[in-house]
Amino acid sequence: MNDSVRREALAAEAAPAPTELTAREQAVFTLLRAHPGRVYTRADILERVWGLDFSGDERVVDAYVNRIRRKLEGGGGPRIETVRGAGYRCVLPENPERPAWPDLPQWPVGARRLLELVSAAGDRPDDLLQGLLDSLGSVPGLDSLTLLRLSPHASPEVLAAAGSPPPRWPPLPAPGAAGGTGSGPLSGLITLPTASGTTPGTVSSVDAPALLLPVPTAAEPGLTLAFTGQPGAEWDADVQASLRGAAAPVAGALHRALEVRAGQQALRQLREQVRVFEDRAVKARQDSAALLGLTHLLEDARSVPEILNVSLPVLAELAGTDACAAWFTYAGGPASAALHRTGLPVTPPARNASDPAHPGDLTVEIGEQTLSLRPVGTRTQAASPLLPVAARCAALALTQATLLRALERTALTDEYTGLGNRQAFLADLHAEVAFAARHGAQFAVTLVDLGNIRYLNATSGYAGGNDLISRLARTLRTVTRTEDRAYRLNGATFALLLRLPQEPGGAVRGWQDRLGAALTQLKQAAPVPLDLQTSLVVCPEDAASTSELLRQALEKLGPVQPPAPPLPGTADHRLSSPQDRRRPHDG
């Protein structure tokens, strides 16, 4: 412990606490005084004094600190300072000078020498050894001084050293081991082989003397102080006695210096562990907040793209990478998507069927589908333990979205023909009416009815009737454009919604001719006579409401009329656009 730290500790111990403090005030004062100079926030003081279950206002700390300050006034002891924007800290008073030693001249020479060494070197074992080595300059051939820890069947461990680099230490028996006793070689003069300066690794014929002196301590029985001489030096009994006498006073100081150094190392390790734990706690709070935010975002996401847009940045952050990519492994699935942790889209990584799995890949099962997630980028931090939890949350949202889409398709699709059903037709019809009223657009409603379906079922059987219904559905698909929609309303009644241009006259005639030609062809190819009827109503020209459109469409049902042949010498303009003219061949 150095002088400044020692003075602070003595002052902290000597400064009496005010006796009139209450129990809670004493706890606050003791906390601040235990670590002078350290800044404590209000949250720290509340947690350590009031406890984690305190739910009041943190300004209560200010009131207690003000009361402690009033009771400390005029005492000459420690005071509490406010660090603006941070908290409070305890400041010790100026430390008095170290007391003098009035009886120092009467002390033994060894005690005075020990006091001089400790005062000059403090608590550093290397400085203690260097000071002792400097004081023994009259010893002939003395080269270095080393503090060793002996262990059986292994080379000694050098704890501290002063002077020239020590020679190579051979294995020495530890105290209590076979061949090692307190009066044996461990406490006497030995010789050490030295390497020659010409050929590395060779042993010189001149050995170096080494005097081993055990440091008496119960905690470390193998602690030994070694005086090492220059090669060829000879130490007689008087030199050895001189070295023993010089080393005896510093044995306790060396042991205490080692304890202080071990305590400092332990403190540094503890601080490093505390820093690591604090970083982990901060990261855990950030990851928990990210996971909580993801759950809130997933509540409002309905489609697969929306879910990926809100989940991929969070997954990238929890994975410790720059971005996260996602794709469905089955054929025909949604395209690959990749988002940066900031939410910006990035280029997805190239992938193929033979692409090997990466160590950071996550596979999420969504019903019978498989979603693959891959963290990508140059940022490679440790993945959060919450990453699998966040991936499962995203998987649950994707599962719900896909199931809802499947349920919607089932609820709005005719299971036999694959066309929209009655519910889908009514919903789309309401939407088209509203769109036409707002934007002045036009559309047409066409009904197609197979009137003799009961007769066909009775004569050809239900299989024959269903086959004709399937043919009629396929025929309607061939004559509709991409923007048109076809529905099956009931057993043999179909409906179509057709988008029309601003001048719908030619488009309506072209549609009627195209539909008439297709239905006429269907009638001619049917094995039995077909009673096909159609109607067409234009919104808003004929009607502007849903109910009125349906009523007029039912009233206008009539037999299918084949298309009129074009006049000689004129082109066939029954299709209203180049797209319409190409449509019969699209299928």
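One can find the structure itself at the top, above this paragraph.
Let us look at the structure shown here. (Residues numbered from 1 in each chain as written. Predicted model: local features only at pLDDT ≥ 70, side-chain atom pairs only at ≥ 80, totals over all residues. Heavy atoms only, no water.)

## Some thoughts on the packing of aromatic side chains
Then step 1. Summed over the entire model, instances satisfying the criterion amount to 3 aromatic pairs.
Then step 2. Between Trp 50 and Phe 54 the ring centres are 6.1 Å apart and the planes differ by 55°, which places this aromatic pair in the tilted class.
Then step 3. Overall, the relative accessible area of 14% leaves Trp 50 in the buried class.
Then step 4. Residue classification places Phe 54 among the partly exposed positions, given a relative accessible area of 29%.
Then step 5. In this structure, Arg 67 packs its charged tip against the face of Tyr 64, placed 4.3 Å from the ring centre. (Phe/Tyr/Trp six-rings, centres within 6.5 Å; stacked < 30°, edge-to-face > 60°. Buried < 20%, exposed > 50% of the residue type's maximum accessible area, 1.4 Å probe, protein only. Lys NZ or Arg CZ within 6 Å of the ring centre and 35° of its normal.)

## Considerations on a nonpolar patch on the surface
Then step 1. There is a patch of nonpolar side chains on the surface, built from Leu 267, Leu 270 and Val 274 and spanning about 230 Å² of accessible area.
Then step 2. You can see Leu 270 is positioned in helix H8 (residues 251-300).
Then step 3. Under the relative-accessibility criterion, Leu 270 is labelled partly exposed at 46%. (Patch = residues over 30% accessible without salt bridge, like charges linked within 9 Å, V, L, I, M, F, W, Y side chains within 5 Å. Areas by Shrake-Rupley, 256 points an atom, 1.4 Å probe, with all protein chains shown as cover. Salt bridge = Lys/Arg side-chain N within 4 Å of Asp/Glu carboxyl O. Helix = DSSP H or I, 4+ residues; strand = E, 2+ residues; numbered from the N terminus.)

## Some details on the sheet that holds strand E16 (residues 558-559)
Either a parallel or an antiparallel arrangement is found when strands of a sheet pair, and the pairing is made through backbone hydrogen bonds.
Then step 1. What the 5 strands build is an open sheet, ordered E13-E14-E12-E15-E16; its pairing is antiparallel. Each edge of the open sheet is held by one strand with a lone partner, namely strand E13 (485-488) and E16.
Then step 2. The pairing of strand E15 (residues 532-539) with E16 spans 2 bridges and is classified as antiparallel. Paired with Gln 533 across the strands is Pro 559, a residue of E16. (Pairing = 2+ DSSP bridges.)

## Thoughts on helix H7 (residues 237-247)
Since there are 3.6 residues in each turn of an α-helix, residues three or four apart along the chain are aligned in direction.
Then step 1. Buried residues of H7: Val 239, Gln 240, Leu 243, Ala 246 and Ala 247, and no others. Along H7, the residues classed as buried sweep out an arc of 130° about the axis, all on the same side. Exposed residues on H7 whose side chains face more than 90 degrees from its buried face are Ala 237 and Asp 238.
Then step 2. Tucked inside the fold, the buried residues of H7 contact helix H6 (125-135), strand E5 (189-192), strand E6 (208-214), strand E7 (223-229) and H8.
Then step 3. Its side-chain oxygen placed 3.3 Å from the backbone nitrogen of Asp 238, Asp 236 serves as the N-cap of H7. (Arc of directions from axis to C-beta. Contact = heavy atoms within 4.5 Å. Polar contact = N/O pair within 3.5 Å; in protein donor to acceptor, adjacent residues only side chain to side chain.)

Read these as layout, nothing more, since geometry by itself doesn't imply function.
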